[in-house]
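Residues per chain, in single letters:
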Amino acid sequence: MDPKNGAPILPGATLGVMGGGQLGRMFVHEAQRMGYATAVLDPDPDSPAGRASHHYIHADYTDVDGLARLAGLADAITTEFENVPAPSLQHLAVARPVSPGAAPVAIAQDRIREKAHFSRCGVTCAPYAVLEDLDDLAAIDDELLPGILKTARLGYDGKGQQRVRTRDELARAWEAAGGVACVLEKMLRLDFECSVIVARGRDGQMVHLPPQRNLHRDGILAVTEVHEYNMAADVAEQAIAAARSIAEGLEYVGVLCVEFFVLMDGTLVVNEMAPRPHNSGHWSMDASDISQFELQVRTLAGLPLTQPRQHSPAIMLNLLGDLWFPDGDARREPPWADVLALAGVHLHLYGKAEARRGRKMGHLNVTGAEIDAVRSTADFAAALLGLPIPLSE
């Protein structure tokens, strides 16, 4: 059955995913738990999601034959990362329901279009300028410095970003980036960062997870805290309203994460969006009655959306490949037995055969009845793993 026609795709059908990384793997596991078969397309012959799926298509994202095989196997298709070529999603949508669609994914792939969309939705961005040629470079307002130069496309986890303090540094950074289209954002004094995950169905129904307080290190998410005291109530309400407005403006179908900066004066500004589940939502696997991956299944299959309920305070710790090399180049397995001896600790590893520094290998969710106890356990787990303490700044 086809959710485009108002009928849900029920368990027993096959759900497809473009991308075989950890987000695809967790989607596959959730879909299988709910009774669906799964199909994955990915160019990696040994992808984590591909090895967990019923069907695995080893092909490039633009391979016409591979796309045809996926459309032949799957009753509906989603994506696990934002850099899947939008034309491939458009091609698949001729034959099968695809969510998110090609149009919102294309916007998320281009910071210039993304910021224009935020403005159309009435959501405040950091002051910025578009930099596409030498005339744009010459016209940059000094008020935007110091700032952060970000390539318009293919940037994530801090990639494609350079801090610049002067016009000379800006010119050198733009040249180092290859003279490609960029945006220059004014550097603001941040109190903290947060994110909101929303899920929107084809019928326009929308639900959300609680706002998540995030700590990044070297441009990569390190810690997420989710509990009723993680930010002021008015900031949380503004973030939810802004995320919902952004999703509504896109006529989005699927799971969308919107990231925000909270400034020292309490002002909320939007940073970027990810048209997929997000690291900051991983806590929901163990502390919510509906996880972000179940929301992804529900939106793809056209199933009813019910508002998720958080049942435990939670802290998520991101686990990078550095943990496997605590003393230099010698590889050593982290002390999982010691970590798992702690009450309320839930380990999620992503099935990646090779640990590398900076590579996302898994995450640790810590839950409990009270946030103080959760934080104490998370600190202890972090100490066992050699992660920086304290976990918050």
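Anything mentioned here points back to the structure above.
This report concerns the structure included in the present document. Remember, predicted model here, so these are calculated numbers, not experimental data.

This brings us to the pairing of strand β1 (residues 14–18). Taken across its five residues, β1 has five buried, putting it largely inside the fold. Where burial is concerned, the two faces of β1 agree: the one with T14, G16 and M18 and the one with L15 and V17 are both buried. Both β1 and strand β2 (residues 37–42) contribute to a ladder of five bridges, which runs parallel. Bridge pairing links T14 to A37 in β2. Read from β1 through helix α1 (residues 22–33) to β2, the crossover connection turns out right-handed.

Here we come to the side chain of T79. Topologically, T79 is positioned in strand β4 (residues 76–79). Dropping the residues within four chain positions of it, T79 is found in contact with V17, M18, V84, S99, P100, P275, R276 and Q296.

A few words now on the sheet that holds β2. The four strands are arranged β3-β2-β1-β4 in an open sheet whose pairing can be described as parallel. This sheet does not close on itself; its edge strands, each paired only once, are β3 (55–58) and β4. Across the sheet, the mean angle from the axis of one strand to that of its neighbour is 20 degrees, orientation sign disregarded. Where β2 lies against β3, four bridges are found, and the strand directions are parallel. Bridging from a neighbouring strand, A39 pairs with H55 of β3. Lying on the sheet, helix α11 (residues 292–301) is in contact with β1 and β4; it crosses β4 at an angle near 140 degrees.

Rules used in this analysis
- Residues numbered from 1 in each chain as written.
- Predicted model: local features only at pLDDT ≥ 70, side-chain atom pairs only at ≥ 80, totals over all residues.
- Heavy atoms only, no water.
- Buried < 20%, exposed > 50% of the residue type's maximum accessible area, 1.4 Å probe, protein only.
- Helix = DSSP H or I, 4+ residues; strand = E, 2+ residues; numbered from the N terminus.
- Pairing = 2+ DSSP bridges.
- Right-handed = clockwise from strand over helix to strand, strands pointing away.
- Contact = heavy atoms within 4.5 Å.
- Axes fitted to C-alpha atoms, helices over the stretch in contact; angles between N-to-C directions.

All we've got here are geometric facts, nothing functional implied.
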